[in-house]
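# Observations on the model geometry
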Amino acid sequence: MQLTLKVWRQDNPNDPGRFETYQATDVKDEMSFLEMLDAVNENLIEAGREPIVFDSDCREGICGTCGLMINGQAHGPQKGTTTCQLHMRKFHDGETVTIEPWRAAAFPVVKDLMVDRSAFDAIIQSGGFISADTGAPRDANEILVPKPAADTAMDAAACIGCGACVAACPNGAGQLFTSAKLAHLNLLPQGQAERFKRTEDMVETMELFFGSCTNYGECQEACPKEIPIDFIAMMNRDYLKSKLANRRLSGQKH
Amino acid sequence: MSNVILDSKIPEGPLQDRWDNHKFNMKLVNPANKRKFTVLVVGTGLAGAAAAATLAELGYQVKCFTFHDSPRRAHSIAAQGGINAAKNYKNDGDSVYRLFYDTIKGGDFRARESNVYRLAQVSVNIIDQCVAQGVPFAREYGGLLDNRSFGGAQVSRTFYARGQTGQQLLLGAYQALMQQVSLGRVELHTKTELLDVVKKDGVAVGIVTRNVATGEVRSWSGHATLLCTGGYGNAFYLSTNAMNSNVTAAWRAHKKGALFANACYTQIHPTCIPASDESQSKLTLMSESLRNDGRIWVPKNFDDNRPPDQIPEEDRDYYLERKYPSFGNLAPRDIASRAAKVVVDEGRGVGPLKNGVYLDFSESISRLGETTVFERYGNLFDMYERITDENPMKVPMRIYPASHYTMGGLWVDYNLMTTVPGLYALGEANFSDHGANRLGASALMQGLADGYFVAPYTVGDYLAGLLGQSVVPTTDPVFVEAETAVNEASRRWLSIGGTKSPEHYHRELGKLVWEYCGMARDRNGLEKALSEIPALREEFEKNVRVLGSAEGVNQSLEKVGRVADFFELGELMCRDALMREESCGGHFRVEHQTDDGEAQRNDEEFSFVGAWEWNGEGTAQTLHKEALVFENVKPSQRSYK
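The rules behind the values
Residues numbered from 1 in each chain as written. Chains lettered and ligands numbered in written order. Predicted model: local features only at pLDDT ≥ 70, side-chain atom pairs only at ≥ 80, totals over all residues. Heavy atoms only, no water. Helix = DSSP H or I, 4+ residues; strand = E, 2+ residues; numbered from the N terminus. Buried < 20%, exposed > 50% of the residue type's maximum accessible area, 1.4 Å probe, protein only. Contact = heavy atoms within 4.5 Å. Areas by Shrake-Rupley, 256 points an atom, 1.4 Å probe, with all protein chains shown as cover. Lys, Arg positive; Asp, Glu negative; His and termini not counted. Charge placed at Lys NZ, Arg CZ, Asp CG, Glu CD. Buried area = accessible area lost by both parts, 1.4 Å probe. Salt bridge = Lys/Arg side-chain N within 4 Å of Asp/Glu carboxyl O. Polar contact = N/O pair within 3.5 Å; in protein donor to acceptor, adjacent residues only side chain to side chain. Nonpolar A, V, L, I, M, F, W, Y, C, P; charged D, E, K, R; others polar. Domains from an automatic or database assignment. pLDDT = per-residue confidence, 0-100. Axes fitted to C-alpha atoms, helices over the stretch in contact; angles between N-to-C directions. Parallel < 35°, antiparallel > 145°, perpendicular 65-115°, else oblique. Left-handed = near helix turned anticlockwise from the far one by under 90°. Phe/Tyr/Trp six-rings, centres within 6.5 Å; stacked < 30°, edge-to-face > 60°. Lys NZ or Arg CZ within 6 Å of the ring centre and 35° of its normal. Pairing = 2+ DSSP bridges. Disulfide = S-S within 2.5 Å.

### Topic: the overall build of chain A
Looking only at helices and strands, one finds eight helices and seven strands in chain A. Seen through its C-alpha atoms, chain A measures out along the principal axes to roughly 65 × 40 × 35 Å. Expressed as a percentage of the 254 residues in chain A, the buried residues total 59%. Once local pairs closer than 6 in sequence are excluded, the contacts in chain A between residues at least 24 apart make up 69%. Put simply, chain A shows about 10100 Å² of open surface, and 49% of that area lies on carbon and sulfur atoms. Mean positive and mean negative side-chain charge positions of chain A (25 and 35 charges, respectively) differ by 8 Å.

### A look at the interface of chain B and chain A
Where the parts come together, the accessible area they lose is often given as the size of the interface. Listed per partner, the contact involves 79 residues of chain B and 74 residues of chain A. Its largest share of buried area at the contact with chain A, chain B owes to B:Arg73, B:Arg139 and B:Arg386, together 11% of the area lost on that side. At the boundary of chain B and chain A, one finds eight salt bridges. In this structure, the salt-bridge partner of A:Glu60 is B:Lys282, at a minimum N-O distance of 2.9 Å. Taken together, the connections running from chain B to chain A amount to 47 residue pairs in polar contact (both at pLDDT 80 or more). Elements with a contribution of two residues or more to the side of chain B that touches chain A: helix H3 (46-58), helix H5 (113-133), helix H6 (165-182), helix H11 (370-388), helix H12 (443-464), helix H14 (502-517) and helix H16 (555-579) of chain B. Top element by residues in the side of chain B that touches chain A is H6(B). It accounts for 10 residues. Class assignment for the residues of the side of chain B that touches chain A results in 28 nonpolar, 32 polar and 19 charged.

### Some words on the domain arrangement of chain B
Residue and element names in this part refer to chain B. Its domain assignment divides chain B into domain 1 (269-403) and domain 2 (477-605). The gap between the C-alpha centroids of domain 1 and domain 2 is 30 Å. Contact with domain 1, which involves 11 residues of that partner, is made by 10 residues of domain 2. Of the roughly 830 Å² buried between domain 1 and domain 2, counting both surfaces, carbon and sulfur atoms make up 57%. On the domain 1 side of the contact with domain 2, Glu278, Arg338 and Lys341 bury the most area, a combined 57% of that side's loss.

### Observations regarding the domain arrangement of chain A
Residue and element names in this part refer to chain A. For chain A, the domain assignment lists domain 1 (3-111) and domain 2 (117-253). The C-alpha-based centres of domain 1 and domain 2 are spaced at 30 Å. With 19 residues of domain 1 in contact, the opposing surface of domain 2 contributes 20 residues. With both sides pooled, the region where domain 1 packs onto domain 2 buries about 1400 Å², and carbon together with sulfur makes up 60% of that total. On the domain 1 side of the interface with domain 2, the three residues burying the most area are Lys79, Ala106 and Phe107, jointly 35% of the side's total.

### Brief notes about the confidence of the model for chain B
Taken residue by residue, chain B gives an average pLDDT of 95. The fraction at 70 or more is 99%. In the predicted assembly, ipTM is 0.97 and pTM is 0.97.

### Points about the pattern of salt bridges
By the definition in use, this model includes 73 salt bridges over all chains. For the salt bridge of A:Asp11 with A:Arg18, the shortest nitrogen-to-oxygen distance reads 3.5 Å. The partner of B:Glu508 in a salt bridge is B:Lys511, with the nearest N and O atoms 3.1 Å apart. Of this pair, B:Glu508 and B:Lys511 both sit in helix H14, three residues apart, which is roughly one turn of that helix. A relative accessible area of 25% places B:Glu508 in the partly exposed class. You can call B:Lys511 partly exposed: its relative accessible area is 38%.

### What about the packing of H3(B) against H12(B)?
Residue and element names in this part refer to chain B. For the pair H3 and H12, the least separation of the axes is 8 Å and the interaxial angle reads 20°. One finds that H3 runs roughly parallel with respect to H12. Every pair of crossing elements has a handedness; the one defined by H3 and H12 is right-handed. Every residue of H12 that contacts H3 at Leu46, Ala47, Ala50, Ala51, Thr54, Leu55 and Leu58 is listed here: Leu444, Gly447, Leu448, Gly451, Tyr452 and Pro456. When the residues that make up the contact of H3 with H12 are grouped by side-chain class, the tally is 10 nonpolar, three polar and no charged.

### Quick look at the packing of aromatic side chains
Per the counting criterion, the structure on display carries 31 aromatic pairs over all chains. Seen from their ring centres, B:Phe606 and B:Phe608 are 5.7 Å apart, and the 35° between their planes marks the pair as tilted. Take B:Phe606: its relative accessible area is 8%, and that puts it in the buried class. Sitting above the plane of the A:Phe19 ring, A:Lys6 keeps its charged end 5.3 Å from the centroid. One Lys or Arg, B:Arg562, reaches over the ring of B:Phe67 and ends 4.8 Å from the middle of that ring.

### Some words on the sheet that holds strand S19 (residues 608-613) of chain B
Residue and element names in this part refer to chain B. Taken in spatial order, the four strands of this open sheet run S17-S11-S19-S20, and their pairing is antiparallel. Two strands lie at the open edges of the sheet, namely strand S17 (409-410) and strand S20 (622-627), each paired on one side alone. Two elements, S19 and S20, share six bridges in a ladder whose sense is antiparallel. When the bridges of S20 are listed, Glu613 appears paired with Thr622. The sheet strands contacting H16 are strand S11 (260-261), S19 and S20, and the helix crosses S19 at an angle near 140°.

### Some points on the environment of B:Leu99
Relative to the assigned elements, B:Leu99 resides in helix H4 (residues 96-106). Residues within four places of B:Leu99 in sequence aside, it is in contact with B:Asn84, B:Ala85, B:Ala86, B:Asp94, B:Ala120, B:Ser123, B:Arg157 and B:Met445.

### A closer look at the sheet that holds strand S14 (residues 316-317) of chain B
All names here are of chain B. Here five strands make up an open sheet; going across it, the order is S12-S16-S15-S13-S14 and the pairing antiparallel. Looking along the sheet, the strands with just one partner apiece sit at the ends: strand S12 (266-272) and S14. With three bridges joining them, strand S15 (residues 357-360) and strand S16 (residues 397-406) adopt antiparallel strand pairing. Along S16, the bridge assignment pairs Leu359 with Met397.

### Things to note about the state of the cysteines
Overall, the coordinates contain zero disulfides over all chains when judged by the stated rule. Take A:Cys223: it sits in no disulfide, and the sulfur closest to it among the cysteines is that of A:Cys162, at 6.5 Å. For A:Cys223, a relative accessible area of 9% translates into the label buried. Here B:Cys264 stays unpaired: no disulfide links it, and the sulfur of B:Cys584, its closest cysteine neighbor, is 6.6 Å away.

### Here's the deal with the environment of A:Thr98
Residue and element names in this part refer to chain A. Here Thr98 is to be found in strand S5 (residues 96-100). Residue Thr98 is classed as buried on the basis of its relative accessible area of 19%. Each C-alpha atom, one on Thr98 and one on Val7, is 6.1 Å from the other, the two residues being 91 residues apart in sequence. Setting aside residues no more than four positions away along its own chain, Thr98 makes contact with Lys6, Phe19, Met69, Ile70 and Asn71.

Take a look at the structure:
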């Protein structure tokens, strides 16, 4: 099949950027979306034009590196699928496809379709861990984890940090990402000691970078790992509790 | 010219006591002195993130580098199956000794006993550590950890987190690392790629990097440098490795004097989705667990173009069941891979390109019911369908082997130090623990063992001897020269102005390496490769086209240097395969097989680690041999009939 691509090109973070139009010829059903772009890039190079910059790595839907807005949808039309796992059979001959980077204030464009998602690392850095220095732990089976808790923690931990939730959100909010990590750690017995400090620190760091959540629910629709917004409710409840718990712990009256 | 002496520094004493004795004998750095030492950690996969976090917890100043935009993107994240540990939670007779034995045997008796025993010992600590960090391993209803069995073992010792064990272990290590970043003990540099290792007076003193977002080239000095930069499976171009996985860090260390060992030991995983056409960029692994309930077959007849459901039983060849009646479809990875190659080479492959074999679930579905089969493998079936548009519940899967892991790598001693003092290699980047073949669920174990429990001790022992020495400043001529060379190389690539992309040459190189140094190798093919690879490299160096500039993001410039290193490595893989006149594990020399087509080792002549020394461009490397001594396990012929 043949496609017309409208691709966002932006030379550097300060460049205003523009759409450029390319023809993708000889596109096969079995190609992944990124392989289609690889082919376009090889043709561009052979024609002496600079290839389109986009991020990708594992191409198995687990590393979270790739992510494009395809016709206005984060990761494109297929539900529960990252850009790298999207295949061209989902498109038809003659179609025009618009390709943009994640659009969010917290994710500035580095070049073309590549964005800077270091705000996610800042959230994890503020509390997305369980303190356990190497070497000190007791035997693994001394900590019993009820199966439902372990399973739900795993559902949340499946987040790949791609940023589709932020890109899909009209407010550019980071709630789904943050709440997934909080649910993973706060549901486990090992995570209890730091639960309220973690919650307060991560939520407040998130708010330094991202917009506010107003329950559109676009994030869970866009999430390639289909992480539900129930975790946001859980985070909100824990955040309220943390404001009370942390005040008591620091000796203040409320 | 060589004055290299391969001293593996294996401690004295009984196997069981060596690591404990060694830990006791190592020099310590007192807590107040630890912060006077700077350690550079390159790579943030399981080995790198674990080592960086642990060294920082101990009090060293750590600088940590990754070319990804976040440490969490490292390719350890894609490991599916699980991680082995000798916990014996299932009371099925597992022990440290049994894990040690299975790993030595699985590696076809080409690994060091002492290293493997230590690996088995610390495996139990890894699980404790990961659980404490909150890794959500699978649980039983009583809240205890669940285990499953995996290839090459008769006990259930594999811990797992659904099909995403690598992801969860990496996130655990990443989170520990980010905590140390928040405490100011680790300085993290993302989007920063190593382009050279810097030595002064024979000792590693730092590295040169290029920032892949800004293009800035600069130097970093440290008292010790740890390369945790993964394997080189992308030498084949098509592999299950990530797009950016490369050999550059290890290779540039090799060119600075670190010996590169067992380059020909590569693992080809039997169950991947076959390539669909020329444009394919990478291959996708389907978990080995599918072979528990799937039957592998091809048509008996050549050019049988009927759809699989119209090929009657009598016209099907269940070749693994036929050749290996006792192991059948569960034959080990190297055996199953080679058997698939044989039938496809005969012309009995299936699919539009005739490059696959069927993995058929219909018998299991009729025995167990659709629901049970889908419960077991549903997520894999979905992934397969997304890629191929075929539903394995209705049509047999098509699979074919693909490059997956590399057992070879930088030679290291028992302390994980390379032949360059102060330069270490951890995880898949080193050659150490898997011999000629790696067992399933052992890669995660080794990466974390090296990072959490081995290097933090052994690096300290080295640093203790450097007390009072400051780092070499980055204004020193050794750094300035290295930076100049890096900039010069970029300028040269950008000025060639050829016609083909770096990707094109990578693909062409990969075809040669796969054809002649893939699942089966022979003298003629290897010699052919050794003449064709340099010819292709010459064309590449004259005709590659890298557009743009060295400022800012330039993915072609990143790629071209990596491809250049793959060219040199590809040659070494072939040379190593040619030298090793035997078959062992993942290295199958057609000339060396038993009457029934199995790998034939030659312990008399080849029970050694082959470590190659770089002698400069255009000169053949020198082979150094480290003899392998088996005091505890007697090497035997593996049999899976």
